[in-house]
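Analysis of the macromolecular model
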Amino acid sequence: MKAVILAGGLGTRLSEETSTRPKPMVEIGGKPILWHIMKMYSHHGVTDFVICCGYKGYVIKEYFANYFLHMSDVTFDMRNNHMEVHHKRAEPWSVTLVDTGDESMTGGRLRRVADYVRNDEAFCFTYGDGVGDVDISATIQFHKQHGKAATLTATYPPGRFGALDIQSQQVMSFKEKPKGDGAMINGGFFVLSPRVLDYLDGDSTVWEQQPLQRLASEGQLMAYEHQGFWQPMDTLRDKNHLEELWATGQAPWKVWK
């Protein structure tokens, strides 16, 4: 099964990091968050990737073109114009990088890579800026069982503000709100039938609007409920939070060995 990953947006809310690179190439623990997402999928046996590039897509292409250099020790023999790579740490991945346009919306990017997944029974689809301990194998199995056109992973938004218990102007308790207002949201990590490609009109199609709304109205959209960790990297605060979790060995999305 293939995994299509959106990696072409501008990442304007993380402009501190994205002025020189696309958001999926912003690093957590010295590795692009895109790499972390691919490692999550690879752990569940999904190793064939289609990356939807756009804004500064050449950065992603150069990263994979030089993957051995990024991941291995290397000796450059300048005298003899020779390079030797030591202790190759290759991933069992096939990575297809597709230029889906600088201005395309999420649905438009998926439409641009349609030929790579059109003949598959189903494929995975997600955003290039979010991680979690999502059981991807379970989402795939769930999708196969219900037989509908689309499955999304429903999750709770991360708590961003401290919840206060105030009595007579005195704060009696303070705690991070763990699950927002209690409503689940779209967490990405979709499993889709190629039938959804018929719901995409052009580059301006926003996947989260008309296509998902139409799928829901037609009874073709199912939700796999994820109760565990999920975190998008929308802001510098989010990035720093993920970095801290990784640095302290408490990254819940690190399901691989």
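Numbering of residues starts from 1 in each chain and follows the order in which that chain's sequence is written. Given that the model is predicted, a residue must reach a pLDDT of at least 70 before its local features are reported, and side-chain atom pairs must reach 80 or more before they are shown or counted; all residues, however, enter totals for whole chains, interfaces and linings. Side-chain descriptors were evaluated using all non-hydrogen atoms of the structure, hydrogens and water having been removed beforehand.

Some details on the pattern of salt bridges
What makes a salt bridge here is a side-chain nitrogen of Lys or Arg within 4 Å of a carboxyl oxygen of Asp or Glu, nothing more. Counting across every chain of the model gives 10 salt bridges. The partner of Asp-203 in a salt bridge is Arg-112, and the shortest N-O contact between them spans 2.7 Å. Taken as a pair, Asp-203 in the loop between strand E14 (190-192) and helix H7 (210-217) and Arg-112 in helix H5 (residues 106-112) lie far apart in primary sequence, 91 residues in all. Exposure classes here rest on a 1.4 Å probe applied to the protein chains alone. A residue is buried below 20% of its type maximum, exposed above 50%, and partly exposed in between. What makes Arg-112 partly exposed here is its relative accessible area of 40%. Among the ionic pairs, Arg-118 bridges to Asp-115, the shortest N-O distance being 3.3 Å. The class of Arg-118 is partly exposed, set by a relative accessible area of 42%. One salt-bridge network, in which partners are shared between bridges, spans Glu-17, Arg-21, Lys-239 and Glu-243. Secondary structure elements are taken from DSSP: a helix is a run of H or I of four residues or more, a strand is a run of E of two residues or more, and numbering for both begins at the N terminus.

Re the nonpolar core
Note on terminology: a nonpolar core comprises buried Ala, Val, Leu, Ile, Met, Phe, Trp, Tyr and Cys residues joined through side-chain atoms within 4.5 Å. Core analysis: the largest hydrophobic core is formed by 41 residues, its most contacted members being Tyr-41, Ile-51 and Trp-253. Those elements giving two or more residues to this core turn out to be strand E1 (2-7), helix H2 (33-43), strand E4 (48-53), helix H3 (57-65), helix H4 (67-71), helix H6 (136-146) and helix H8 (236-247). Broken down by element, this core gets its largest block of residues, 7 residues, from H2. We call two residues in contact when some of their heavy atoms are within 4.5 Å. Not counting chain neighbours up to four residues away, the residues in contact with Trp-253 comprise Ile-28, His-36, Met-40, Val-131, Gly-132, Asp-133, Phe-229, Leu-242, Leu-245 and Trp-246. Membership of the second largest hydrophobic core comes to 25 residues, among which are Val-50, Cys-52, Val-98 and Trp-207.

Some words on the pairing of strand E10 (residues 150-155)
Burial of E10 is extensive: 6 of the 6 residues sit out of reach of the surface. Residues Ala-150, Leu-152 and Ala-154 line one face of E10 and the alternating positions Thr-151, Thr-153 and Thr-155 line the opposite face, and both faces are buried. Two strands form a pair only when DSSP identifies at least two bridges running between them. With 2 bridges connecting them, E10 and E14 associate as antiparallel partners. Counted as the bridge partner of Thr-151 is Val-191 from E14. With 5 bridges connecting them, E10 and strand E15 (residues 221-225) associate as parallel partners. In the sheet register, Ala-154 faces E15, and the bridge partner there is Glu-225. Judged from the 2 bridges that link them, E10 and strand E13 (residues 185-186) form a sheet pairing that is antiparallel. Bridged to Thr-155 within E13 is Ile-185.

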